[in-house]
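Survey of secondary and tertiary structure
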Amino acid sequence: MQNSKPIITAENLIFRYPGSQFKLEFPKLQVVVGTHCVITGPSGCGKTTWLRLLSGIESAQTGEITIKDRRLSELSNKAIRTFRNHNFGFIFQDFRLVEYLSLQDNILLGVTLGSKSDRAPAISRLDELARRVGIADLLPRRVIKLSRGEMQRVAVCRALIHNPAVIFADEPTANLDPKNRDIIWDLINSEARANDATVLAVSHDTDSIDRFDKVVELDPLMETTAS
Amino acid sequence: MIQSLAIMRLAWAYLASHRKQTVAILIAISLACSLPIVTTNIVSQYLRTLYTRRGNPPVMLAPQGSRFDAVLKAQYFLGEPLPSLQWQDATHITANTSLRCVPVHLLHTANDKASPVIGTVKEYFTVRNLNLQSGFMFAQVGECVVGALVEVSNDLIQTDITNPFDPSATPPLSMQVVGRLQPSGTPDDRGVFVSLDTAWILDGYGHGHDITDQGTATANSSVLADAIDGHRPHQSIRTIDETNRHEIHFHGSRNLYPISAVLIWPNTLRDQVVLEGKYINHKSLQVLSPEVEIITIMRYVFQMNTILQRIFVLLGAVTLLLIVVIIFQSLNARKHDLETMRLLGCSRLQVFKLLGTELFLLLVGSAFLTVVVTATLIATLPSLESLI
């Protein structure tokens, strides 16, 4: 169930990497709670950078991002980190799983090393979540022994384990065949809806955009438009 | 608490998955720590052994030769047998009433060289303040009193072969153990004490045999080669007891029988100075002060120990440097994982806790290994007795 209250608002963003010609400009974006939004565009247009800006990993030179009524520019680095840890779930393009840890430890990594000790609810969710994504039997295994599809499921679990308000997914289906791509998108969307989470995904795959409530297309010339 | 345990789990997972690196660090730290501890312990143990009787007696009469060897042998029963002085040298000095003299004969061993056989007089036990724990003092040839740590079976103790090239010349003698001394914490605890007569039987100057056994002529290498009445029985007594003790007899001149040293307690300092002056230019004998010699030895040991400690400090510094390099390399190799933690919004403090816990586990493991290595090395390293 969506409500009309915006959870993410971005206005007049301008971002440049130091020493680079790359420039990302964006006039306005508003995403309401529970929306599944996808950012599309050709390779190199700044989709991932966009995601990093909205999630507070990078800071824009100008403009303002407000998430859950908090202006990111007003938060200290430590506060942004904590905010990210408590409110965001991440699915990275290369999954970013820690190889030497078990699946269980990977899924709980953000919670274990979070500033707030809230492992108990996460642990109680772990089995159910793992069962839903089909990796319940694999939890004690180490990441290094997993297939790519299994890794993706672990990454989805890690993004959802602490019941985040926003899920950032950066090309989570890259290099997957259509069948597995659909499985992963279905998984992300269904789990996000089950948790009433807002999804902000990046994908260059136009076949998948009909799964989303909102599509943001980044201009190949570094200009962006919102639809 | 639960979070701390979870962090410990993550730290353990990292160390376990990098076994070779972890084991290398554990070994490096534990060796860097245990080697100085072991060295210090062993050196202090050796020094304690040397310290036990450095000034008791104040002086001793010994044959000319190495002063260190003479002191180590006479005071601690360490090292190879020394050149001997003759019994007449001892009688000459023991006649002096201003000196308390105790001759010692230290040419034999028992229990497969584990126990020195000390031929001496009963006064030895008085001056060394040794008391019987059980039994009584030796009174006849073939009897012995053993130190607290000497192993005995069936109240008998067998001496070792003196001459391995001609074992039948002075075959091992089984001696009856008649008493055991209280522990003293000194080298006496591992000694087998016999009368001088028994010691000379072990030398081959005395023996017992059937009266009809005229034996053969003595070999040129025999201690009795120059004795007019010397001979080598076909079958000499190997265990002296009540039934055969009367058959024991000696050959040659008693005055020429050997002893190793005479321990001397002068009544006054003046008596000591007079004694030292008397032997200052003696051709074959010397009077020496065990304390002076021991202090010299201890000084050498201290110097060696100081040098070793400096080497260990350097080794420790190098080890520390290597460990720091390994840790930095490890952090470098984990950049991706640490970045992931940052992206997930993990608390900087908790990440430091994780790295600190890994270090803590390494240190705990190293401490445990240090204890094990130290205990093993101390337990297996040779004693001073076996080194000299």
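I will try to describe carefully the structure that is included in this document. In every chain, residue numbers begin from 1 and rise along the written sequence. Here the convention is simple: chains get letters from A, ligands get numbers from 1, in the order in which they are written. Per-residue local features are limited, in this predicted model, to residues with pLDDT of at least 70; the limit for side-chain atom pairs, both in listing and counting, is 80 or more; totals at the level of whole chains, interfaces and linings are taken over all residues.

Side note on the packing of helix α2 (residues 19-51) of chain B against helix α8 (residues 290-333) of chain B
Residue and element names in this part refer to chain B. Remark: α2 packs on α8, axes separated minimally by 10 Å, with the N-to-C direction vectors making an angle of 170 degrees. Put simply, α2 runs roughly antiparallel to α8. Considered class by class, the residues forming the contact of α2 with α8 number 20 nonpolar, seven polar and no charged. For helices, the axis comes from a line fit to the C-alpha atoms of the stretch in contact; other axes are also lines fit to C-alpha atoms, and the angle between any two N-to-C directions lies between 0 and 180 degrees. Counting from the N terminus, the helices are DSSP H or I runs at least four residues long and the strands are E runs at least two residues long. Under this scheme an angle from 65 to 115 degrees is roughly perpendicular, one under 35 degrees roughly parallel, and one over 145 degrees roughly antiparallel; angles in between are oblique. Amino acids are sorted into nonpolar (Ala, Val, Leu, Ile, Met, Phe, Trp, Tyr, Cys and Pro), charged (Asp, Glu, Lys and Arg) and polar (every other residue, Gly among them).

Things to note about the pairing of strand β8 (residues 198-202) of chain A
Residue and element names in this part refer to chain A. Once C-beta atoms are placed from the backbone, each residue is buried if 20 or more other C-beta atoms lie within 10 Å of its own, exposed if 12 or fewer, and partly exposed for counts between those two. The buried fraction of β8 amounts to five of the five residues, a majority that puts the element mostly inside the structure. Of the two faces of β8, both are covered, the one formed by Thr198, Leu200 and Val202 as well as the one formed by Val199 and Ala201. Following DSSP output, two strands are said to pair if at least two bridges run between them. As judged from the four bridges shared by strand β3 (residues 36-40) and β8, these two strands associate in the parallel manner. Each bridged residue has a counterpart across the sheet, and for Ile39 the counterpart in β8 is Val202.

A few points about helix α5 (residues 119-133) of chain A
Residues and elements named next belong to chain A. Helix span is expected to be 1.5 Å times the residue number reduced by one. Its 15 residues give α5 an end-to-end C-alpha distance of 20 Å, which sits within 8% of 21 Å, the value for a rise of 1.5 Å per residue. A residue's bend is given by the angle between axes fitted to the 7 residues ending at it and the 7 residues starting at it. Considering bend angle alone, the principal kink of α5 is centred on Leu126 and spans about 35 degrees. Every buried residue belonging to α5 is among Leu126, Leu129, Ala130 and Val133, and all of these are buried. Note on contacts: each residue gets a C-beta atom placed from the backbone, and two residues are in contact if those atoms are within 7 Å. On its buried face, α5 is in contact with α3 (103-107), α6 (148-160) and α7 (178-194).

Structural notes on the interface of chain A and chain B
Contact residues are listed per partner, giving 20 residues for chain A and 20 residues for chain B. Mapped onto the side of chain A that touches chain B, the elements with two or more residues apiece are α2 (77-87), β6 (88-91) and α4 (109-112) of chain A. Examining the composition of the side of chain A that touches chain B, we find that four residues originate from one element, α2(A), more than from any other.

What to know about the sheet that holds strand β4 (residues 62-67) of chain A
All names here are of chain A. If you walk across this open sheet you meet the four strands as β2-β1-β4-β5, and the pairing is antiparallel. On the outer flanks of this sheet lie β2 (23-32) and β5 (70-71), each paired with one strand and no other. Where strand β1 (residues 6-16) meets β2, nine bridges bridge the pair, whose relative direction is antiparallel. From the neighbouring strand, Glu11 faces β2, where its bridge partner is Lys28. Strands in contact with helix α1 (residues 47-54) are β1, β2 and β4; relative to β1, the strand with the most contacts, it is inclined by about 120 degrees.

Observations concerning the pairing of strand β4 (residues 115-120) of chain B
Residues and elements named next belong to chain B. Counted residue by residue, β4 has six buried out of six residues, so it is predominantly covered. A two-sided burial pattern is seen for β4, the buried positions comprising Ser115, Val117 and Gly119 on one face and Pro116, Ile118 and Thr120 on the other. Strand direction decides the pairing type here: strand β3 (residues 99-110) and β4, joined by four bridges, are antiparallel. Residue His108 lies in a different strand from β4, and its bridge partner there is Val117. Counted between consecutive antiparallel strands, the loop separating β3 from β4 contains four residues, among which Asn111 sits at a positive phi close to 55 degrees. In this sheet, strand β9 (residues 192-195) lies alongside β4 in parallel orientation, the contact comprising four bridges. Note on β9: the bridge partner recorded for Val117 is Val192.

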